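Architecture at a glance
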Amino acid sequence: MTPSNPQSAQPDRGFSSLEQIGVALRSEVPSPAKFQVLNTRLIIQTGVNLKAIAYNQNDDFALIQRVCEALVRMGIQLGPNQ
């Protein structure tokens, strides 16, 4: 597995909050069951629960980047305008 260059990939996709990612993911994955599976994987991989975002996590850029990277590894690429 080749390490990716986070600056060239720009994994945050322009998101400024985890809440924005949650909204975009819900529109991309409308099935509540599938969303729950993805959310559980995000909790395990990043410690972020998109169904109950902690106040101190919502605008943490490092976490936003980690969540976007985790979603890309799962095959999901989101944009804030989707």
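Remember, predicted model here, so these are calculated numbers, not experimental data.

**Describing the overall build of the protein chain**
The helix and strand inventory of the protein chain stands at four helices and zero strands. Starting at the N terminus and walking to the C terminus, you meet the elements of the protein chain as α-α-α-α. The buried share among the 82 residues of the protein chain stands at 34%. Per element, the accessible surface of the protein chain, about 5,300 Å² overall, is 52% carbon and sulfur.

**Brief notes about the confidence of the model for the protein chain**
Residues at a pLDDT of 70 or more form 80% of the protein chain, whose mean pLDDT is 84. Confidence scores differ between elements of the protein chain, with helix 1 (residues 6-9) showing the lowest mean pLDDT of 39 and helix 3 (residues 32-46) the highest of 96. Long-range and interchain partners of residues 1-11, a stretch whose pLDDT sits below 50, account for six contacts in this model, where long-range means more than four residues apart.

**Thoughts on the side chain of Q57**
When you line up the elements, Q57 lands in the loop between helix 3 and helix 4 (61-73). Of the polar contacts made by the side chain of Q57, one reaches the backbone oxygen of G47; its length is 3.4 Å. Among all residues touching Q57, those that are not within four sequence positions of it are L18, G47, V48 and L63.

**Description of the environment of G47**
Examined against the element boundaries, G47 turns out to sit in the loop between helix 3 and helix 4. In the structure, G47 is positioned ten residues away from Q57 in sequence and 9.7 Å away in space, judged by C-alpha atoms. Residues within four places of G47 in sequence aside, it is in contact with L42 and Q57.

**Here's the deal with the packing of helix 2 (residues 18-28) against helix 4**
Helix 4 packs onto helix 2 with a crossing angle of 25° between their chain directions and a minimal axis gap of 10 Å. Put simply, helix 2 runs roughly parallel to helix 4. Contact residues: L18, I21 and L25 in helix 2; L63, I64, V67, C68 and L71 in helix 4.

**Focus: the environment of V29**
By secondary structure assignment, the location of V29 is in the loop between helix 2 and helix 3. The spatial distance from the C-alpha of V29 to the C-alpha of I76 is 9.5 Å, given a sequence separation of 47 residues.

**Details of the environment of M74**
You can see M74 is positioned in the segment after helix 4. Separated by 32 residues in sequence, M74 and L42 have C-alpha atoms that sit 9.8 Å apart. When residues no more than four places from it in sequence are discounted, the contact partners of M74 are L38, R41, L42 and Q45.

About the cut-offs
- Residues numbered from 1 in each chain as written.
- Predicted model: local features only at pLDDT ≥ 70, side-chain atom pairs only at ≥ 80, totals over all residues.
- Heavy atoms only, no water.
- Helix = DSSP H or I, 4+ residues; strand = E, 2+ residues; numbered from the N terminus.
- Buried < 20%, exposed > 50% of the residue type's maximum accessible area, 1.4 Å probe, protein only.
- Areas by Shrake-Rupley, 256 points an atom, 1.4 Å probe, with all protein chains shown as cover.
- pLDDT = per-residue confidence, 0-100.
- Contact = heavy atoms within 4.5 Å.
- Polar contact = N/O pair within 3.5 Å; in protein donor to acceptor, adjacent residues only side chain to side chain.
- Axes fitted to C-alpha atoms, helices over the stretch in contact; angles between N-to-C directions.
- Parallel < 35°, antiparallel > 145°, perpendicular 65-115°, else oblique.

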